[in-house]
Amino acid sequence: MNRREFLMTSVAAGAMVLAARSAFAEDKLTILGSVPNLGFPFFVHMLNEIKAEAQAQGVNLTESDGQNSATKQTADIEAALVQKVNAIVISPLDVNALAPAIEEAVKAGVPVVTIDRRVDGVQGILAHVGADNVKGGEAEANAMVAAFPNGAKLFHLQGQPGAGPAIDRNKGVHNVLDPLKDKYQIIYEQTANFARAEALTVTEAGLAANGKPDAIICANDDMALGALEACAARNFTDVKIYGFDALPEALVAVRDGKLAGTVEQFPGQQSRTAVQIAVAYAKNKTEPKEKLVLLTPIVIGKDNLDKAERLSETK
């Protein structure tokens, strides 16, 4: 099946789902909530929060799992436009690949609010709600520096190329460490695409080639947990590993001393705020007070676990 056939099939399938939903609630607004990949716990939480806020706002929600495919997420947007949804709340898989579909939505007069990942190349997006990922990367690097005041050798596992958070977190880490490279040396730097299994493999390769680092900075928690597994297999339990996202599993690892820290970016607050902005505009054209809403991430360690958004989900 070529891309055109895939898109047509996906649009048709999406249209059928949307039509079925609109049949029982024609008096309600309908919004599309789209995330890159429900294979990642972070996006499961984000979509659950979108769903909860849509219910609180009294609107219907069409859920979209991009399945780690820009083509699939594009098709979901196009299906939603066919059925004339009233607004779109989306975390785009790739900031460049999703730009044409988002631009199409904007031109069709459908308000679009992006969350987590910005699409800077499209004019007319209603708002973006996310974390300041550059500051998050800086906070993560600064936490490592504080733990090693006399210097350190470290690995750096980067996120998925083309993803806005990966780009910004990488920038934040280098903002802090590049001026200090005489003391803090990145001896191994690779992408692991935000994936745990890939991070395990990448870290194993780094350990084999470079030996044990003092610390490992990871662009998300899944990669941090993969790096933790690789280090544990070699009994390198004193390597300080830092994650990003404050997933419940990572919070447990921080609590138990297995991870040195994780960055909280408040994805639930991002999601709910984005839905509120989208619904307010769809209902009565209320413009958001701010077009760019950036929450400031913080590093969660043992001493401030109570600041984590998902602490109640830990066991």
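Notes on the structure in this doc start here. (Residues numbered from 1 in each chain as written. Predicted model: local features only at pLDDT ≥ 70, side-chain atom pairs only at ≥ 80, totals over all residues. Heavy atoms only, no water.)

This brings us to empty space enclosed by the protein. Scanning the entire structure with this criterion turns up three cavities of 30 Å³ or more. Of the pockets and cavities examined, the largest cavity occupies roughly 100 Å³. In this structure, the largest cavity is lined by Phe-40, Phe-42, Phe-43, Asp-116, Arg-117, Pro-165, Arg-169, Phe-194, Asn-220, Asp-222, Asp-245 and Gln-265. The set of elements that each furnish at least two residues to the lining of the largest cavity consists of helix H2 (41-57) and helix H6 (164-177). Among the residues making up the lining of the largest cavity, the classes are represented as five nonpolar, two polar and five charged. Empty space within the second largest cavity amounts to approximately 50 Å³. (1 Å grid on protein atoms, 1.4 Å probe; cavity = no way out; pocket = protein on both sides within 12 Å on 5 of 7 lines; lining within 4 Å. Points joined across faces, edges and corners; volume = space filled by probe spheres on them. Helix = DSSP H or I, 4+ residues; strand = E, 2+ residues; numbered from the N terminus. Nonpolar A, V, L, I, M, F, W, Y, C, P; charged D, E, K, R; others polar.)

What follows covers the pairing of strand S11 (residues 292-295). Along S11, the buried face is formed by Val-293 and Leu-295; none of Leu-292 and Leu-294, which line the opposite face, is buried. Sheet analysis places strand S5 (residues 127-131) next to S11, joined by four bridges and oriented parallel. By the bridge assignment, His-128 is partnered in S11 with Leu-292. (Buried < 20%, exposed > 50% of the residue type's maximum accessible area, 1.4 Å probe, protein only. Pairing = 2+ DSSP bridges.)

Once that is clear, we can look at the side chain of Thr-114. Structurally, the position occupied by Thr-114 is in strand S4 (residues 112-115). Owing to a relative accessible area of 1%, Thr-114 belongs among the buried residues under this scheme. A distance of 2.8 Å separates polar atoms of two side chains, one belonging to Thr-114 and the other to His-128. (Polar contact = N/O pair within 3.5 Å; in protein donor to acceptor, adjacent residues only side chain to side chain.)

This part takes up the environment of Val-176. Relative to the helices and strands, Val-176 resides in helix H6. Judged by its relative accessible area of 12%, Val-176 is buried. When the C-alpha positions of Val-176 and Gly-137 are compared, they lie 8.6 Å apart, and in sequence the two are 39 residues distant. Those residues within four positions of Val-176 in sequence are excluded, and the remaining contacts are Glu-138, Ala-141, Asn-142 and Val-145. (Contact = heavy atoms within 4.5 Å.)

In this structure the tally under the stated criterion is three aromatic pairs. Centroid distance Phe-40 to Phe-43: 6.4 Å. Interplanar angle 85°. Geometry classified as edge-to-face. Here Phe-43 falls in the buried class, since its relative accessible area comes to 5%. Put simply, the rings of Phe-40, Phe-42 and Phe-43 pair up and form one aromatic cluster. Above the plane of the ring of Phe-244 lies Arg-169, whose end atom (NZ or CZ) is 3.8 Å from the centre. (Phe/Tyr/Trp six-rings, centres within 6.5 Å; stacked < 30°, edge-to-face > 60°. Lys NZ or Arg CZ within 6 Å of the ring centre and 35° of its normal.)

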